[in-house]
Amino acid sequence: MIDTHAHLTGMFCDLPTGRQAGKGVVEEAKMARLWAIVLAASNIEESVENIKLAKNYDGFLFAAAGIHPQQTDVENKDSIDKQIAHLDELIGKNKKNIVAVGECGLDYSPAPAGEKDRSRRGQEKLFRKQICLSMKYKLPLIIHARKAMDQVIEILSEYKNLKGVFHCYAGGKKRIKKVLGLGEDWYFGIDGNLTYDDGLVEVVKKIPRDRLILETDSPLLTPEPFRGKENKPAYVKYVYKKVSEIWGVEFKECEKLIDENARKMFGINPSS
Ligand SMILES: [Zn+2]
Ligand SMILES: [Zn+2]
């Protein structure tokens with residue numbers, strides 16, 4: 001099993017950097033028979049931390065580097081250019097440990113309490129610049145699209161030869177075709193809410209089996225039976241289990257298919 005999207009450091013985690021990412025979480029994931037974890041990034045700081053972790057756990061933790069549409073100051077034009085320049089340099093210097101650009105995209109849901117809504121123009125600029133980085137470094141994109149699925153698909157369709165995943169896919173049954181229309185290198189990332197969201201179960205039934213990958217989005221979206229507690233990569237097994245039930249296949253067969261998709265998408269292989 002592979003958790004293709006987890007945050008072990010950074011602003012999504014309550015615990016200070018390093019603590020959640022400490023040996024415990026990684027060892028527990030290995031004990032649960034995971035062979036890799038992809039660390040998603042929300043901003044430059046988290047990208048830097050991810051790279052550090054990927055170096056410490058070479059061959060097991062793999063870093064993504066990117067800027068989340070709601071996790072940055074997109075009001076200030078200079079700040080976007082500066083952050084992209086920083087990201088560019090970071091990826092250029094650490095290519096060996098980076099497997100994806102993201103998470104990036106558009107998020108039109110209201111900003112967190114007390115914060116101003118991010119400008120849509122700023123978000124789009126930030127997104128397009130990261131698409132360019134993914135082309136420059138030939139890396140897949142980890143797409144975050146909230147209340148902006150159609151806009152994201154429209155932007156992606158302007159470019160050629162992109163690959164990536166719609167992480168925590170929330171486009172419903174009706175947009176599956178549109179995503180597939182982007183090309184054969186596009187995947188759907190599904191999370192722990194599959195264990196309690198019947199609507200999402202119906203969506204998964206419609207996703208081609210060779211386009212599905214699984215993730216936790218730790219520390220968020222904890223699956224049943226641990227819903228309400230903090231999520232961790234080891235819990236991705238409950239998402240695999242749910243998919244095997246939906247598909248009506250043995251856990252092992254489900255694992256084989258899903259892992260093959262993740263291998264293809266990120267270009268990584270089990271080190272053992
Ligand atoms: Zn996200
Ligand atoms: Zn995330």
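This is a predicted model, so every value here is computed, not measured.

What am I meant to see in the overall build of the protein chain here?
Across its full length, the protein chain carries 9 helices and 8 strands. Relative to a compact globule of 272 residues, whose C-alpha radius of gyration would be 19 Å, the protein chain shows 17 Å and is just as compact. Based on the C-alpha atoms only, the size of the protein chain along its principal axes is roughly 50 × 40 × 35 Å. Across the 272 residues that make up the protein chain, the buried fraction comes to 45%. Expressed as a percentage of contacts within the protein chain between residues at least 6 apart in sequence, the contacts between residues at least 24 apart total 70%.

Whenever I open this one, the sheet that holds strand S7 (residues 186–190) confuses me. Can you help?
Strands pair in a sheet through their backbones, by hydrogen bonds, and they do so in one of two ways: parallel or antiparallel. One open sheet holds the 8 strands; their spatial order is S1-S2-S3-S4-S5-S6-S7-S8, and the pairing between them is parallel. The sheet is open, and its two borders are formed by strand S1 (2–6) and strand S8 (212–214), each paired with just one other strand. Averaged over neighbouring strand pairs, the angle between their axes works out to 30° when direction is ignored. Here 3 bridges tie strand S2 (residues 36–39) to strand S3 (residues 61–65), and the two strands are oriented parallel to one another. Bridge pairing links Ile37 to Leu61 in S3. Strands S1, S2, S3, strand S4 (98–107), strand S6 (164–166), S7 and S8 of the sheet are contacted by helix H9 (residues 251–266), whose axis makes an angle of about 95° with S8.

Hey, could you run me through the environment of Leu180 in this one?
Residue placement: Leu180 occurs in helix H6 (residues 176–180). Taking the C-alpha atoms as reference points, Leu180 and Arg211, 31 residues apart in sequence, are found 8.7 Å from one another.

In this structure, what is going on with the nonpolar core? I would like to understand it.
The nonpolar side chains of soluble globular proteins are, as a tendency, buried together. Grouped together as the largest cluster of nonpolar side chains are 70 residues, with contacts concentrated most on Val38, Leu39, Ala63 and Ala64. The element best represented in this core is S4, accounting for 6 residues. Beyond its immediate chain neighbours, meaning those up to four positions away, Leu39 contacts Ala6, Leu8, Asn50, Leu53, Ala54, Leu61, Phe62, Ala63 and Ala64.

Just checking my understanding: could you explain the pairing of strand S5 (residues 141–146) for this structure?
Where burial is concerned, most of S5 is hidden: 5 out of the 6 residues are buried. For S4 and S5, the ladder comprises 6 bridges, and the chain directions are parallel. Bridge pairing links Leu106 to Ala145 in S5. Handedness of the crossover joining S4 and S5 through helix H4 (residues 120–136): right-handed. Sheet topology note: the S5/S6 ladder contains 3 bridges and is parallel. Counted as the bridge partner of Ile143 is Phe166 from S6. Once the chain exits S5 it traverses helix H5 (residues 149–156) before rejoining the sheet at S6, and the crossover so formed is right-handed.

Reading guide: rules and limits
Residues numbered from 1 in each chain as written. Chains lettered and ligands numbered in written order. Predicted model: local features only at pLDDT ≥ 70, side-chain atom pairs only at ≥ 80, totals over all residues. Helix = DSSP H or I, 4+ residues; strand = E, 2+ residues; numbered from the N terminus. Rg over C-alpha atoms; globule rule 2.2 N^0.38 Å. Buried ≥ 20, exposed ≤ 12 C-beta atoms within 10 Å, placed from the backbone. Contact = placed C-beta atoms within 7 Å. Pairing = 2+ DSSP bridges. Axes fitted to C-alpha atoms, helices over the stretch in contact; angles between N-to-C directions. Core = buried A, V, L, I, M, F, W, Y, C linked by C-beta atoms within 7 Å. Right-handed = clockwise from strand over helix to strand, strands pointing away.

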